[in-house]
Amino acid sequence: MSKTVSVVLCTYNGAKYLREQLESVVNQTYPLHELLIQDDGSTDGTTDIAAEYAAKYPFVRCLQNDGKHGLNPNFFSAMRKATGDYIAICDQDDIWELDKIEKQVAAIGDHLMCTHRTVPFSEDGSSVRYDQRTPNIGLLRLQYASIAGHTTLFKRELLDLLPDISHTYYGTVYDVILAITAAAYCPLVLIDEPLVHQRRYTTAASYTGVDSHRIPGYYNGLYIIGWSLAHFRQVKPLMVKHFKTRLSLLDSIHANTKSYHEAVKMLRLQSSSSLWSLLRLQRFFIRHRSEIFYTKGKDPQNFIRAFLFPVMQVYNYKYLLQA
């Protein structure tokens, strides 16, 4: 327990569930150096609850933003104020396992970041789905799937490796930027068990309903292919713009690892609209299929998905049509 841990919790109108979350944090089996709660202009009883815990626990610090800053600026500024050797991100409405921090500190070793599984639950009828597959957390996969911030514990020096926050890619959510930066320098550590119970409800900032077509199955696969072909010309230019932004993020990271250079190569192909780039991207997906998808080894499904992915991935970005 020689390493100190700062938990960073950013709040905004979270009074309804905040007390339950705070109980799971202050009672961690690993002693916390500090719990830093930074509020972004709440108008409910959030700050009163935070002040109550600060009065009861000397390691709890309450900070208040001057006006509403928004999700990314709130978290990045709060993390900069943390003083622990490690920083753990906390949302205002989840419930932690009491040994979450203890297990992450034990597992992180010489790596920059440690993550774990999270189990969603709902109390208001909101749709939830728990993916039983072991998460793929390599840098290539992280260009298509994110790691939830509340699962992360990372070394404080990661903040010094982050790119310039004034850049346009900072429209990307903070936890995506943290995970991609960490993975660019060295592999992330995964604890393959759930250590957080993630509360899902329709008004949560990160809530999206369960898309039944994303559930693996023969019919769903055909549906996604058909939708992607029908909307390819509409969505592809928006995807190019998206991947150019993601490429600018990687270009601003000064890593020199094999996975980093492969990710840059992949995003350059994704940032082009030419048929030649599409064919080269297909070849790239096939070669790196075990690093991009969940299925492993020589599973034929793995090869088929990689072959079709340059087109099928269009469905994943249909949300850009409403952006």
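Scoring rules and cut-offs
- Residues numbered from 1 in each chain as written.
- Predicted model: local features only at pLDDT ≥ 70, side-chain atom pairs only at ≥ 80, totals over all residues.
- Heavy atoms only, no water.
- Helix = DSSP H or I, 4+ residues; strand = E, 2+ residues; numbered from the N terminus.
- Buried < 20%, exposed > 50% of the residue type's maximum accessible area, 1.4 Å probe, protein only.
- Areas by Shrake-Rupley, 256 points an atom, 1.4 Å probe, with all protein chains shown as cover.
- Patch = residues over 30% accessible without salt bridge, like charges linked within 9 Å, V, L, I, M, F, W, Y side chains within 5 Å.
- Salt bridge = Lys/Arg side-chain N within 4 Å of Asp/Glu carboxyl O.
- Contact = heavy atoms within 4.5 Å.
- Arc of directions from axis to C-beta.
- Phe/Tyr/Trp six-rings, centres within 6.5 Å; stacked < 30°, edge-to-face > 60°.
- Lys NZ or Arg CZ within 6 Å of the ring centre and 35° of its normal.
- Core = buried A, V, L, I, M, F, W, Y, C linked by side-chain atoms within 4.5 Å.
- Pairing = 2+ DSSP bridges.
- Right-handed = clockwise from strand over helix to strand, strands pointing away.

K.L.:
It is not clear to me how the overall build of the chain should be interpreted in this structure. Could you clarify?
P.N.:
Scanning the chain from N- to C-terminus turns up 11 helices and eight strands. Counting all 323 residues of the chain, 50% fall into the buried class. Total accessible area on the chain stands at roughly 15,400 Å², and carbon and sulfur atoms take up 55% of it.

K.L.:
When you look at a nonpolar patch on the surface in this model, what are you seeing that I'm missing?
P.N.:
Taken together, Leu275, Trp276 and Leu279 make up a surface patch of nonpolar side chains, about 380 Å² in accessible area. Mapped onto the elements, Leu275 comes out in helix H9 (residues 275-287).

K.L.:
Is there a simple way to think about the side chain of His288 in this case?
P.N.:
Structurally, His288 is set in the loop between H9 and helix H10 (289-292). Among the residues examined, His288 registers a relative accessible area of 7% and is labelled buried. With residues up to four places along the chain from it excluded, the contact list for His288 reads Leu140 and Glu262.

K.L.:
I'm lost on helix H4 (residues 100-108) in this one. Help?
P.N.:
Residues three or four positions apart in an α-helix share a direction because the helix packs 3.6 residues into each turn. Residues Lys100, Ile101, Gln104, Val105 and Ile108 constitute the buried set of H4. The buried side chains of H4 occupy one side of the element, clustering within an arc of 120° when seen end-on. Just downstream of H4 lies Gly109, where phi reads positive at about 55°.

K.L.:
I tried to follow the packing of aromatic side chains on my own but got confused; where do I start?
P.N.:
Here a ring pair, both rings aromatic, is described through the centre-centre distance and the interplanar angle of the planes. Applying the stated rule across the entire model yields 12 aromatic pairs. With centroids separated by 5.4 Å and ring planes inclined at 65°, the aromatic side chains of Phe243 and Tyr317 adopt a geometry described as edge-to-face. Of the two residues, Phe243 is situated in helix H7 (residues 218-251) and Tyr317 in the segment after helix H11 (300-312); the sequence distance between them amounts to 74 residues. With relative accessibility at 5%, the residue Tyr317 sits in the buried group. Between Tyr317 and Tyr319 the ring centres are 6.2 Å apart and the planes differ by 40°, which places this aromatic pair in the tilted class. Tyr319 sits in the partly exposed class, given a relative accessible area of 43%. Three or more aromatic residues joined by ring pairs make a cluster, and in this case those are Tyr144, Phe243, Phe285, Phe293, Phe309, Tyr317 and Tyr319. The positively charged end of Lys100 is found above the aromatic ring belonging to Trp96, 4.7 Å away from the centroid.

K.L.:
Got a minute to help me understand the pattern of salt bridges in this structure?
P.N.:
A side chain of one charge can pair with a side chain of the opposite charge if their charged atoms are brought near each other. Within the structure shown, the criterion is met by eight salt bridges. With its nearest N and O atoms 3.7 Å apart, the salt bridge here joins Asp160 to Arg80. Taken as a pair, Asp160 in helix H5 (residues 158-161) and Arg80 in helix H3 (residues 71-81) lie far apart in primary sequence, 80 residues in all. Overall, the relative accessible area of 60% leaves Asp160 in the exposed class. For Asp99, the salt bridge goes to Lys103, with nearest N and O atoms at 3.3 Å. For Asp99, a relative accessible area of 24% translates into the label partly exposed.

K.L.:
Please explain the environment of Val311 as it appears in this structure.
P.N.:
With respect to the helices and strands, Val311 occurs in helix H11. Residue classification places Val311 among the partly exposed positions, given a relative accessible area of 23%. Separated by 85 residues in the primary sequence, Val311 and Gly226 place their C-alpha atoms 9.6 Å from one another.

K.L.:
Can you help me understand the environment of Phe76 in this one?
P.N.:
Here Phe76 is to be found in helix H3. Counting along the chain gives 66 residues from Phe76 to Cys10, while the straight-line C-alpha distance between them is 9.9 Å.

K.L.:
Is there a simple way to think about the nonpolar core in this case?
P.N.:
If you look at the biggest cluster of nonpolar residues, it comprises 62 residues, and the most contacted ones within it are Val8, Met79, Phe154, Leu178 and Phe285. Ranked by the residues each element gives to this core, the list is headed by helix H6 (residues 174-185), at nine residues. If near-sequence neighbours (up to four positions away) are discounted, Phe154 is found in contact with Met79, Asp85, Tyr86, Ile87, Ile89, Ile108, Leu112, Met113, Leu159 and Leu178. Core analysis: the second largest hydrophobic core is formed by 30 residues, Val26, Tyr30, Tyr57 and Val189 among them.

K.L.:
Looking at this structure, I do not really get the pairing of strand E2 (residues 34-39). What am I missing?
P.N.:
Residues in a regular strand project their side chains so that they alternate between the two faces of the sheet. Of all the six residues making up E2, six are buried; the element is thus mostly covered by neighbouring parts of the structure. Every second residue of E2 is oriented toward a common face, with Glu34, Leu36 and Gln38 on one face and Leu35, Ile37 and Asp39 on the other, all of them buried. Both strand E1 (residues 5-11) and E2 contribute to a ladder of six bridges, which runs parallel. Paired with Ser6 across the two strands is Glu34, which belongs to E2. Between the parallel elements E1 and E2, the chain passes through helix H1 (residues 15-26) in a crossover that is right-handed. Note: E2 against strand E3 (residues 60-64), five bridges, orientation parallel.

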